[in-house]
Amino acid sequence: MIKTDILIIGAGPTGLFAVFEAGLLKLKCHLIDALPQPGGQCSEIYPKKPIYDIPGFPEVLAGDLVDNLMEQIKSFQPGFTLGERADTIEKLEDGTFIVTTNKGTKHHAPIVAIAGGLGSFEPRKPQLENLTKFEDNGIAYIIKDPEVYRDKKVLLAGGGDSALDWAIFLANIAKEITLVHRRNEFRGALDSVEKVQELKNAGKINLITPAEVIELRGDAKLSSVVIQKTDTKEQIELELDNFIPLFGLSPKLGPIGDWGLEIEKNAIKVDNTLDYQTNIPGIYAIGDVNTYPGKLKLILCGFHEATLMCQSAYQRIFPDKKYVMKYTTVGGVQGFDGSKKEAPKAVVKAIN
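Note that this is a predicted model, so its numbers are computed, not measured. Residue indices begin from 1 for each chain and proceed along its sequence in written order. Only residues with pLDDT of at least 70 are given local features in this predicted model, and only at 80 or more are side-chain atom pairs given and counted; all residues enter the totals for whole chains, interfaces and linings. The side-chain quantities take in all heavy atoms of the structure and omit both hydrogens and water.

Enquirer: Outline the overall build of the chain, listing residues and values.
Expert: Secondary structure counts use DSSP, requiring at least four H or I residues in a row for a helix and at least two E residues in a row for a strand, with both numbered from the N terminus. Looking only at helices and strands, the chain features eight helices and 25 strands. If you line up the chain on its principal axes, its C-alpha atoms span 80 × 65 × 35 Å. The cut-offs for exposure are 20% and 50% of the maximum accessible area for each residue type, with area from a 1.4 Å probe on protein chains only; residues under the lower value are buried, those over the upper are exposed, and the others partly exposed. Among the 352 residues that make up the chain, the fraction classed as buried is 47%. Contacts are assigned to residue pairs with any non-hydrogen atoms lying within 4.5 Å of each other. For the chain, restricting intrachain contacts to residue pairs at least 6 apart in sequence, the fraction spanning at least 24 positions comes to 58%. If you sum the accessible surface of the chain, you get close to 18,200 Å²; carbon and sulfur atoms cover 51% of it. Counting rule for charge: Lys and Arg are taken as positive, Asp and Glu as negative, and neither His nor the chain ends is counted. To locate a charge, take atom NZ for lysine, CZ for arginine, CG for aspartate or CD for glutamate. Across the chain, 41 positive and 46 negative side-chain charges occur, with their mean positions spaced 4 Å apart. For the area figures, the Shrake-Rupley method with a 1.4 Å probe applies, and any residue is considered shielded solely by the protein chains shown.

Structure follows, in structure tokens:
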């Protein structure tokens with residue numbers, strides 16, 4: 001039985017930052033994640049994708065953000081149960097919880113913080129014959145390492161931010177990059193749409209709209225696709241090395257959806273924005289997995305939610321103690337491993 005102060009389900013950026021905020025309160029954390037490594041989607045799906053809205057970082061790769069968070073929490077010595085899915089939860093008479101994974105690992109904690117991002121997810125796949133035949137043989141649904149596509153002929157399909165962002169990013173890596181979308185209009189950020197248009201005008205991106213892929217061709221490996229123009233029905237055979245349909249992900253809460261939590265549109269409803277507690281006292285939901293009026297699914301919002309959750313968790317664990325918040329610039333950071341980080345003290349000298 002693994003015992004901890006706060007059991008965090010989900011080891012993405014929000015869950016990792018919660019470890020730091022809990023550590024400042026001298027609370028130990030243990031994290032469960034179905035993925036084999038910490039970082040959530042930032043590690044599993046787009047580690048090389050730049051993120052632009054993290055305060056203090058004009059640009060940071062998703063994987064680097066995870067590495068920085070892991071370094072930030074190292075002195076608080078969190079525990080990890082990775083490659084296992086949180087399956088069942090039991091509330092004991094004393095108000096604490098036992099969470100058991102699909103592999104039977106049991107965890108005991110007075111506080112459970114669900115930071116599962118979008119939950120478990122599967123890529124939305126196009127309805128094409130022989131699709132599974134070419135999966136991992138020319139077809140992929142996520143881009144983990146852009147270098148795989150260096151000097152290759154790559155076809156992207158989609159009209160959202162992922163398709164636009166990767167088209168821009170791969171334009172300087174791939175030998176030839178083609179973007180296909182079934183409409184002339186894109187759903188992504190205006191700035192990204194304009195950059196794609198500029199790259200098209202410069203001959204660095206082939207843009208085919210409105211159109212969609214209707215046929216896959218090849219023997220053991222994908223070698224070409226047939227693209228049909230929506231308006232004229234003209235068909236184009238395009239030779240390529242890789243086809244990456246980016247039609248988004250289908251999020252699912254998985255077993256957590258059966259825990260008696262209040263669910264709204266595949267997200268966990270929290271009672272308020274004071275502490276992000278769910279309808280079950282002692283269980284919190286932070287990050288993309290929760291919903292409330294005015295909710296924004298941003299990493300920086302998840303950091304804020306994690307901070308307030310930890311304050312509430314402390315009061316719940318120690319109802320008779322009054323915690324006085326001290327800024328890290330004043331109190332420093334005292335790690336569980338004995339390390340201490342603090343600002344240098346000013347030297348005061350007497351004036352004669």
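Enquirer: Give a detailed account of the nonpolar core, specifying residues and quantitative values.
Expert: Grouped together as the largest cluster of nonpolar side chains are 56 residues, with contacts concentrated most on Ile 6, Ile 8 and Ile 114. The set of elements that each furnish at least two residues to this core consists of β2 (6–9), α1 (13–24), β3 (29–33), α3 (62–73), β8 (97–101), β10 (111–114), β22 (283–285) and α7 (299–317). Here, nonpolar core means buried Ala, Val, Leu, Ile, Met, Phe, Trp, Tyr and Cys residues that are tied together by side-chain atoms lying within 4.5 Å of each other. Counting 20 residues, the second largest nonpolar core, distinct from the first, contains Leu 164, Leu 179, Phe 186 and Ile 205.

Enquirer: Could you give me a rundown of unusual backbone geometry, with the residues and numbers involved?
Expert: Along the chain, Thr 209 connects to Pro 210 via a cis peptide bond; the corresponding omega equals -20°. Considering the arrangement of structural elements, one finds Pro 210 in the loop between β14 (206–208) and β15 (211–218). Positive phi outside glycine occurs at Asp 136, with the angle close to 70°. Take Asp 136: it is sitting in the loop between α4 (131–134) and β12 (153–157). Take Asp 136: its relative accessible area is 72%, and that puts it in the exposed class. One non-glycine residue with positive phi stands out, namely Lys 233, at about 65°.

Enquirer: Could you give me a rundown of the sheet that holds strand β20 (residues 263–264), with the residues and numbers involved?
Expert: One bridge is not enough; two strands pair if DSSP finds at least two bridges between them. Spatial strand order, β20-β21-β23: three strands in an open sheet with mixed pairing. The outermost strands of the open sheet, each flanked by one partner alone, are β20 and β23 (290–291). Here strand β21 (residues 267–269) runs beside β23; their pairing, made up of two bridges, is parallel. Paired with Lys 269 across the strands is Thr 291, a residue of β23.

Enquirer: Give me the lowdown on the packing of aromatic side chains, citing residues and values where you can.
Expert: By convention, a stacked pair of Phe, Tyr or Trp rings (six-membered ring in the case of Trp) has centres within 6.5 Å and planes under 30 degrees apart, an edge-to-face pair has planes over 60 apart, and any other such pair is tilted. Throughout the structure, instances matching the rule amount to seven aromatic pairs. Between Tyr 276 and Tyr 292, the ring centres sit 5.5 Å apart and the planes meet at 50°, which makes this aromatic pair tilted. Taken as a pair, Tyr 276 in the loop between β21 and β22 and Tyr 292 in the loop between β23 and α7 lie far apart in primary sequence, 16 residues in all. A single burial state applies to Tyr 276 and to Tyr 292, both of which are buried. Here a set of aromatic residues connected by ring pairs shows up, and it is made of Phe 17, Phe 20, Phe 76, Phe 303 and Phe 336.

Enquirer: Give a detailed account of the layout of surface pockets, specifying residues and quantitative values.
Expert: With a 1 Å grid spanning the protein atoms alone, the term cavity applies to any set of points in which a 1.4 Å probe fits but cannot get out, the term pocket to an open set with protein on both sides within 12 Å along at least five of seven lines, and the term lining residue to any residue with an atom within 4 Å of a point. Grid points are joined across faces, edges and corners, and a volume is the space filled by probe spheres set on the points. What the second largest pocket holds in volume is close to 470 Å³. Forming the boundary of the second largest pocket are 21 residues, of which Leu 24, Tyr 323, Lys 326, Tyr 327 and Thr 328 lie nearest the centre. Those elements that place two or more of their residues in the lining of the second largest pocket are α1, α7, α8 (328–331) and β24 (333–334). Among the elements that line the lining of the second largest pocket, the one with the most residues is α1, at four residues. Polar here means any residue other than Ala, Val, Leu, Ile, Met, Phe, Trp, Tyr, Cys and Pro, which are nonpolar, and Asp, Glu, Lys and Arg, which are charged; Gly is therefore polar. Its residues placed into classes, the lining of the second largest pocket shows ten nonpolar, seven polar and four charged.

Enquirer: Can you explain the environment of Leu 16? Please cite residues and give values.
Expert: On the secondary structure map, Leu 16 appears in helix α1. On a C-alpha basis, the gap between Leu 16 and Gly 39 in space is 7.9 Å, while along the polypeptide they are 23 residues apart. Apart from residues lying up to four places away in sequence, Leu 16 is in contact with Ala 11, Leu 31, Pro 38, Gly 39, Val 66, Leu 69, Met 70, Ile 73 and Phe 80.

Enquirer: Hey, could you go over the pairing of β2 for me, with residue numbers and the actual values?
Expert: Burial of the side chains of β2 extends over both faces: Ile 6 and Ile 8 are buried on one face and Leu 7 and Ile 9 on the other. Looking at chain direction, β2 and β3 are connected through four bridges and run parallel. Bridge pairing links Ile 9 to Ile 32 in β3. The parallel pair β2 and β3, bridged by α1, forms a crossover whose chirality is right-handed. With four bridges joining them, β2 and β10 adopt parallel strand pairing. Following the sheet pairing, Ile 8 is matched in β10 by Ala 113. We call a crossover right-handed when, viewed with both strands directed away from the observer, the connection leading from the first strand over the helix to the second proceeds clockwise.

Enquirer: Could you give an account of a nonpolar patch on the surface, with specific residues and numbers?
Expert: A contiguous nonpolar surface patch, about 230 Å² in accessible area, is contributed by Leu 296, Leu 298 and Leu 300. The topology assignment puts Leu 298 in the loop between β23 and α7. Overall, the relative accessible area of 32% leaves Leu 298 in the partly exposed class. Patch membership requires over 30% relative accessible area and the absence of a salt bridge. Like charges are linked within 9 Å, and nonpolar side chains (Val, Leu, Ile, Met, Phe, Trp, Tyr) within 5 Å. Whenever Lys or Arg places a side-chain nitrogen within 4 Å of a carboxyl oxygen from Asp or Glu, that contact is recorded as a salt bridge.

Enquirer: So, the pattern of salt bridges: which residues are in play, and what are the values?
Expert: For the structure shown, the criterion picks out eleven salt bridges. Across the salt bridge formed by Arg 217 and Glu 237, the nearest N and O atoms sit 3.0 Å from each other. Of this pair, Arg 217 sits in strand β15 while Glu 237 sits in strand β17 (residues 235–239), placing them 20 residues apart in sequence. Two residues, Glu 262 and Lys 269, come together in a salt bridge whose shortest N-O distance is 3.6 Å. Shared partners join several salt bridges into a network, and the residues in it are Glu 215, Arg 217 and Glu 237.

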